[in-house]
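Chain by chain, the residues run as shown.
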Amino acid sequence: MEWDWDFVWQIMPTLIEGFKITILATVLGAVVAATLGLAIALVRRSPVTVLARSVGFFCEFIRGTPLLVQLYFIFYVLPDIGIRLAPLVAGVIGLGLHYATYTAEVYRAGIENVPRGQWEAAKATNLTMRQAWIHVILPQAIPPMIPALANYFIAMFKETPLLSAITVLELMNQAKSIANSNYRYIEPMTLVGVFFLAISLISVIGLRWLEERYARRED
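Residues numbered from 1 in each chain as written. Predicted model: local features only at pLDDT ≥ 70, side-chain atom pairs only at ≥ 80, totals over all residues. Heavy atoms only, no water.

**Side note on unusual backbone geometry**
- In this structure, Thr 167 is a non-glycine residue whose phi angle is positive, near 70°.
- Of note, Thr 167 is situated in the loop between helix H6 (129-158) and helix H7 (171-182).
- We classify Thr 167 as partly exposed; its relative accessible area is 42%. (Helix = DSSP H or I, 4+ residues; strand = E, 2+ residues; numbered from the N terminus. Buried < 20%, exposed > 50% of the residue type's maximum accessible area, 1.4 Å probe, protein only.)

Structure representation (structure tokens):
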């Protein structure tokens with residue numbers, strides 16, 4: 001089968017629309033993962049043992065089951081109990097929830113790396129617990145976490161093709177539809193690979209820049 005440039009230009013607008021949905025799902029999923037992951041990390045530090053262990057069990061359950069199964073459950077099983085979600089909303093929740101359990105561990109490690117003296121200094125200056133977290137602990141804990149968090153968000157981006165299983169019209173779903181309709185697979189699937197490779201390379205370059213910047217600050 002020969003490469004057909006006319007076919008490429010014909011299908012490119014449809015693939016770009018799918019790519020926009022892929023980026024949107026990744027960005028929204030990353031926001032959910034970053035926010036929920038921080039909440040999970042804080043709850044797991046709770047002095048209420050039952051609460052901390054319950055959240056820990058939940059995290060292990062999510063990490064121990066495939067993302068695809070979780071997406072199917074959210075989109076196809078929840079309607080049986082009256083919870084119906086649009087495909088993109090279900091996809092964002094699935095991605096965000098799955099990766100929140102991983103970002104929570106990153107947050108936990110970052111928080112535990114803050115020297116104990118910083119907690120004592122915050123207490124000595126009569127800061128409330130909320131003020132200590134906002135003004136002392138998190139500003140020191142988060143910067144070292146950024147490379148690890150970025151790695152997870154890159155991984156999330158590369159897993160967005162799973163959203164095609166719940167009818168989200170992202171890049172892979174659009175490419176499969178084009179391929180099946182025209183019985184030509186080489187162009188759409190190659191272009192999907194190019195799109196993902198390009199964004200992954202850009203993300204890796206950005207990640208290296210962040211790591212070098214943080215290293216310079218440490219020096």
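**Considerations on H6**
- Taking 1.5 Å per residue as the helical rise, H6 with its 30 residues ought to reach 44 Å, whereas the 38 Å between its terminal C-alpha atoms falls clearly short.
- At Leu 138, H6 shows its largest bend, some 50°, and a proline, Pro 139, comes one to four positions later. (Expected span 1.5 Å × (residues − 1). Bend = angle between axes of the 7 residues up to and from the residue.)

**A few points about the pattern of salt bridges**
- Applying the stated rule across the entire model yields six salt bridges.
- The salt bridge partner of Arg 44 is Glu 105, with a shortest N-O separation of 3.0 Å. Of this pair, Arg 44 sits in helix H1 (residues 5-44) while Glu 105 is found in helix H4 (residues 87-112), placing the two residues 61 residues apart along the sequence.
- In this structure, the salt-bridge partner of Arg 108 is Glu 105, at a minimum N-O distance of 3.0 Å. Within this pair, Arg 108 and its partner Glu 105 are both found in helix H4, separated by three residues, close to a single helical turn.
- We classify Arg 108 as partly exposed; its relative accessible area is 29%.
- Counted as one network, the salt bridges with shared partners bring together Arg 44, Glu 105, Arg 108 and Glu 112. (Salt bridge = Lys/Arg side-chain N within 4 Å of Asp/Glu carboxyl O.)

**Some details on the UniProt feature "domain: ABC transmembrane type-1" (unreviewed entry) in the protein chain**
- Here the UniProt-annotated "domain: ABC transmembrane type-1" (unreviewed entry) positions come out as residues 19-207.
- End-to-end, the C-alpha atoms of residues 19-207 are 21 Å apart, and along that stretch the chain is 80% helix and 0% strand. (UniProt positions renumbered as here; feature names shortened; annotations may be inferred.)

**Quick notes on a nonpolar patch on the surface**
- There is a patch of nonpolar side chains on the surface, built from Leu 68, Tyr 72, Phe 73, Tyr 76 and Val 77 and spanning about 440 Å² of accessible area.
- Following the sequence through the fold, Tyr 76 ends up in helix H3 (residues 67-77).
- Taking the relative accessible area as the measure of exposure, Tyr 76 reaches 39% and is therefore partly exposed. (Patch = residues over 30% accessible without salt bridge, like charges linked within 9 Å, V, L, I, M, F, W, Y side chains within 5 Å. Areas by Shrake-Rupley, 256 points an atom, 1.4 Å probe, with all protein chains shown as cover.)

**Re the nonpolar core**
- The biggest cluster of nonpolar side chains holds 16 residues, and the ones touching the most others in it are Tyr 107, Ile 111, Trp 119, Trp 133, Ile 137 and Met 145.
- Secondary-structure elements contributing two or more residues to this core are H1, H4, helix H5 (116-124) and H6.
- At eight residues, the largest contribution of residues to this core is made by H6.
- Setting aside residues up to four positions removed in sequence, Trp 133 forms contacts with Leu 42, Arg 45, Ile 111, Trp 119, Leu 138 and Pro 139.
- Of all hydrophobic cores here, the second largest spans 15 residues; its members include Met 12, Phe 157, Ile 178 and Phe 196. (Core = buried A, V, L, I, M, F, W, Y, C linked by side-chain atoms within 4.5 Å. Contact = heavy atoms within 4.5 Å.)

**A closer look at the packing of aromatic side chains**
- Taken as a whole, this structure holds nine aromatic pairs when the rule is applied.
- Among the aromatic residues, ring-to-ring pairing joins Trp 3, Trp 5 and Trp 9 into one connected group.
- Above the ring of Tyr 102, the side-chain terminus of Arg 63 is found at 6.0 Å from the ring centroid. (Phe/Tyr/Trp six-rings, centres within 6.5 Å; stacked < 30°, edge-to-face > 60°. Lys NZ or Arg CZ within 6 Å of the ring centre and 35° of its normal.)

**Quick notes on the packing of H5 against H6**
- At a minimum axis distance of 10 Å, the contact between H5 and H6 shows a crossing angle of 145°. Handedness of the H5/H6 crossing: right-handed. Contact residues: Gln 118, Trp 119 and Ala 122 in H5; Met 129, Ala 132, Trp 133, Val 136, Ile 137 and Gln 140 in H6.
- Here the residues of the contact of H5 with H6 are counted per class, giving seven nonpolar, two polar and no charged. (Axes fitted to C-alpha atoms, helices over the stretch in contact; angles between N-to-C directions. Left-handed = near helix turned anticlockwise from the far one by under 90°. Nonpolar A, V, L, I, M, F, W, Y, C, P; charged D, E, K, R; others polar.)

**What to know about the UniProt feature "transmembrane region" (unreviewed entry) in the protein chain**
- UniProt annotation of "transmembrane region" (unreviewed entry) refers to residues 20-43, 55-75, 81-100, 132-154 and 189-210 when read in the numbering used here.
- This span, residues 81-100, is 70% helix and 0% strand, and a straight line between its end C-alpha atoms measures 24 Å.
- Structurally, residues 132-154 comprises 100% helix and 0% strand, and the distance from its first C-alpha atom to its last is 31 Å.

**Section: H7**
- Between the first and last C-alpha of H7 there are 17 Å, a value that for twelve residues agrees with the 16 Å anticipated at 1.5 Å per step.
- Among the residues of H7, Leu 171, Met 172, Asn 173, Gln 174, Ala 175, Ile 178 and Ala 179 are the ones counted as buried.
- The N-cap of H7, judged by a side-chain oxygen 2.9 Å from the amide nitrogen of Met 172 a few residues on, is Glu 170.
- Phi for Tyr 183, located one or two positions after H7, is positive at around 55°. (Polar contact = N/O pair within 3.5 Å; in protein donor to acceptor, adjacent residues only side chain to side chain.)

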